[in-house]
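Each chain, letter by letter, is given below.
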Amino acid sequence: MKSVVAAALLAGSAVALTPAGRSGSVVGRSAAMSADYGDFDQGVKSVAATPARGGAVSMFMGLDFALLGYFFFWYLGNYYYNITNKLALKGSGGSKGFPMTIASLQLGVGVVYALFAWVAPDMRSIPALTMDDIVAMLPVAFCSMMAHCASVFALSAGAVSFGQIVKAAEPAFAAVLSQFVYGKPISQAKWLCLIPVIGGVIIASVKELDFAVSALVAACSANLFAAFKGNENKKLMETPGLKDRLGSVGNQFAITSLLAFLMSLPLMFATEGAKFGEFMEVLKTNPAVKSNFLLSGVYFYGYNELATMTIKKTNAITQSVANTAKRVIIIIGVALVLGEDLPFVKLLGSAICIGGVFLYSVIDSLLAKM
């Protein structure tokens, strides 16, 4: 198991934590910042090709392999994040332990990497931001921080499967906000496609339901802030001149993480500051909590940087739908690794959800041809 985790970490780091090189790598400065903002509905057909190292092109036979790679390692990193995060929370006392402290310091782990990337030779150039740029990024950073903290608390208060069930409603939150707050309506057909997406996750997880009111409230709060974050992130990427000053998608996520971490510190000390010494003692005396806490921070930063890259080529609602499919994969993947049974109802729910995601991606194109 340790070798599998190590291999996945190295593989995820190779993609999720790739520096924005100066020679035209897949997530290099000019390539990453010039990608098309097209919807995922056309992502496998018309998203602008991204130059790869050595002049190769990431588009082949109509498929955007860079985008597919982002999704793959995003899912993989999120899968391992859920495992290590739950083990760290459980080992430190669950919801009565240090969920806010763990959530905040997980952001700090990513900040350490970002700072290292900026000072390391030829790894990632430091962005040339103005104070107005920082102010423009504050809404994304705040929503990112709140979504993360609420998600961690939900996982500490209830089962991972229950958290995945509630958070499966995120596409509905994103759709409502997109249509009624951001003025970007989606078709009625796409609204209907959200039914099998959400219903499939519920069916796949129904036998693992572990209800907790606090987990329900926290997960719903996470949905709301995540939906806001997706829409604000998309707006931020379209700010004239900002992408040039940032230099890369990786820099954008690094700055967002740094701001989110700084915002989380007052909340952490206000809620669990009196127990911070106790938390440090747990880290010293419980190696499992320490290792899982650190790994969860690394996985969290890696898969979220990839999520930022995918939303650059998609839109906020598609991002939320992809998140829903990811939850099914997490539930089934955990069952396979831990040797749990995969009953028919779980496989059926997974098939319904993934089918709903595919239908959501192509429904408008199919109806346009009729």
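Residues numbered from 1 in each chain as written. Predicted model: local features only at pLDDT ≥ 70, side-chain atom pairs only at ≥ 80, totals over all residues. Heavy atoms only, no water.

## Quick notes on the overall build of the chain
Reasoning step 1: Per the secondary structure count, the chain includes 16 helices and 2 strands.
Reasoning step 2: Burial status across the chain gives 55% buried among its 370 residues.
Reasoning step 3: Partitioning the contacts of the chain with sequence separation of at least 6, the portion at a separation of at least 24 is 84%.
Reasoning step 4: Total accessible area on the chain stands at roughly 15,800 Å², and carbon and sulfur atoms take up 71% of it. (Helix = DSSP H or I, 4+ residues; strand = E, 2+ residues; numbered from the N terminus. Buried < 20%, exposed > 50% of the residue type's maximum accessible area, 1.4 Å probe, protein only. Contact = heavy atoms within 4.5 Å. Areas by Shrake-Rupley, 256 points an atom, 1.4 Å probe, with all protein chains shown as cover.)

## A few points about the packing of helix H9 (residues 188–205) against helix H16 (residues 344–368)
Reasoning step 1: Between H9 and H16, whose axes approach to 6 Å, the crossing angle comes to 165°. Classified by the angle their axes make, H9 and H16 are roughly antiparallel. Seen from above, H9 lies across H16 with left-handed handedness. (Axes fitted to C-alpha atoms, helices over the stretch in contact; angles between N-to-C directions. Parallel < 35°, antiparallel > 145°, perpendicular 65-115°, else oblique. Left-handed = near helix turned anticlockwise from the far one by under 90°.)

## Section: the side chain of asparagine 78
Reasoning step 1: Inspection of the secondary structure assignment puts asparagine 78 in helix H4 (residues 65–91).
Reasoning step 2: What makes asparagine 78 buried here is its relative accessible area of 3%.
Reasoning step 3: Once residues lying within four places of it in the same chain are set aside, the contact partners of asparagine 78 are Tyr303, Lys326 and Ile330.

## A word on the packing of aromatic side chains
Reasoning step 1: Enumeration according to the criterion identifies 17 aromatic pairs in this entry.
Reasoning step 2: On the numbers, 6.4 Å between centres and 40° between planes, the contact of phenylalanine 276 with phenylalanine 279 is tilted. In this pair, phenylalanine 276 and phenylalanine 279 are both assigned in helix H13 (residues 276–285), 3 residues apart and thus about one turn of the helix distant.
Reasoning step 3: A relative accessible area of 26% means that phenylalanine 276 is categorised as partly exposed.
Reasoning step 4: Measuring from centroid to centroid gives 5.8 Å for phenylalanine 300 and tyrosine 303, while their planes differ by 90°, and the two rings are edge-to-face. A residue pair is termed a helical-turn pair when its members lie 3 or 4 positions apart in one helix, as phenylalanine 300 and tyrosine 303 do in helix H14 (residues 287–313) at 3 residues.
Reasoning step 5: Given the relative accessible area of 9%, tyrosine 303 is considered buried.
Reasoning step 6: One aromatic cluster is present, formed by Phe98, Phe269, Phe276, Phe279 and Phe293 through successive ring pairs. (Phe/Tyr/Trp six-rings, centres within 6.5 Å; stacked < 30°, edge-to-face > 60°.)

## As for a nonpolar patch on the surface
Reasoning step 1: There is a patch of nonpolar side chains on the surface, built from Leu359, Leu366, Leu367 and Met370 and spanning about 410 Å² of accessible area.
Reasoning step 2: Leucine 366 sits in the partly exposed class, given a relative accessible area of 42%. (Patch = residues over 30% accessible without salt bridge, like charges linked within 9 Å, V, L, I, M, F, W, Y side chains within 5 Å. Salt bridge = Lys/Arg side-chain N within 4 Å of Asp/Glu carboxyl O.)

## Points about the packing of H4 against helix H6 (residues 131–157)
Reasoning step 1: Remark: H4 packs on H6, axes separated minimally by 9 Å, with the N-to-C direction vectors making an angle of 65°. The way H4 lies across H6 gives a crossing that is right-handed. For the pair H4 and H6, the contacting residues are Tyr81, Asn82, Asn85, Lys86 and Leu89 in the first and His148, Val152, Leu155 and Ser156 in the second.
Reasoning step 2: Looking at the contact of H4 with H6 residue by residue, the classes come out as 4 nonpolar, 4 polar and 1 charged. (Nonpolar A, V, L, I, M, F, W, Y, C, P; charged D, E, K, R; others polar.)

## Things to note about the pattern of salt bridges
Reasoning step 1: One pass over the structure, following the stated rule, counts 4 salt bridges.
Reasoning step 2: A salt bridge links glutamate 305 to arginine 124, with the nearest nitrogen and oxygen atoms 3.1 Å apart. Of this pair, glutamate 305 sits in helix H14 while arginine 124 sits in the loop between helix H5 (99–119) and H6, placing them 181 residues apart in sequence. The pair formed by glutamate 305 and arginine 124 is uniform in burial state, with each residue classed as buried.
Reasoning step 3: Between glutamate 232 and lysine 235 there is a salt bridge, with the nearest N and O atoms lying 3.8 Å from each other. Within this pair, glutamate 232 and its partner lysine 235 are both found in helix H10 (residues 213–237), separated by 3 residues, close to a single helical turn.
Reasoning step 4: Glutamate 232 sits in the buried class, given a relative accessible area of 17%.
Reasoning step 5: Residue classification places lysine 235 among the partly exposed residues on the basis of a relative accessible area of 40%.

## A closer look at the side chain of arginine 124
Reasoning step 1: On the basis of relative accessibility, which here comes to 3%, the residue arginine 124 falls in the buried class.
Reasoning step 2: In this structure the side chain of arginine 124 is engaged in a polar contact, spanning 3.1 Å, whose partner is the side chain of glutamate 305. (Polar contact = N/O pair within 3.5 Å; in protein donor to acceptor, adjacent residues only side chain to side chain.)

## Examining the environment of valine 111
Reasoning step 1: For valine 111, the location among the structural elements is in helix H5.
Reasoning step 2: Expressed as a C-alpha distance, the spacing of valine 111 and phenylalanine 253, which sit 142 residues apart in the sequence, is 9.9 Å.
Reasoning step 3: When residues no more than four places from it in sequence are discounted, the contact partners of valine 111 are Ser257, Leu258 and Phe261.

## Remarks on the confidence of the model for the chain
Reasoning step 1: Averaged over every residue, the pLDDT of the chain is 77; the share at 70 or more is 78%.
Reasoning step 2: At the low end of the mean pLDDT range in the chain sits helix H2 (residues 29–33), at 32; at the high end sits H13, at 94. (pLDDT = per-residue confidence, 0-100.)

## Quick notes on the nonpolar core
Across soluble globular proteins, nonpolar side chains have a tendency to be buried as a group.
Reasoning step 1: Core analysis: the largest hydrophobic core is formed by 58 residues, its most contacted members being Trp74 and Phe293.
Reasoning step 2: Ranked by residues supplied to this core, first place goes to H4 with 13 residues.
Reasoning step 3: Not counting residues within four places of it along the chain, the set of residues in contact with phenylalanine 293 comprises Ala88, Ile102, Leu105, Gln106, Val109 and Leu283.
Reasoning step 4: In this structure, Tyr113, Ala114, Ala254 and Leu259 belong to the second largest nonpolar core, which totals 17 residues. (Core = buried A, V, L, I, M, F, W, Y, C linked by side-chain atoms within 4.5 Å.)

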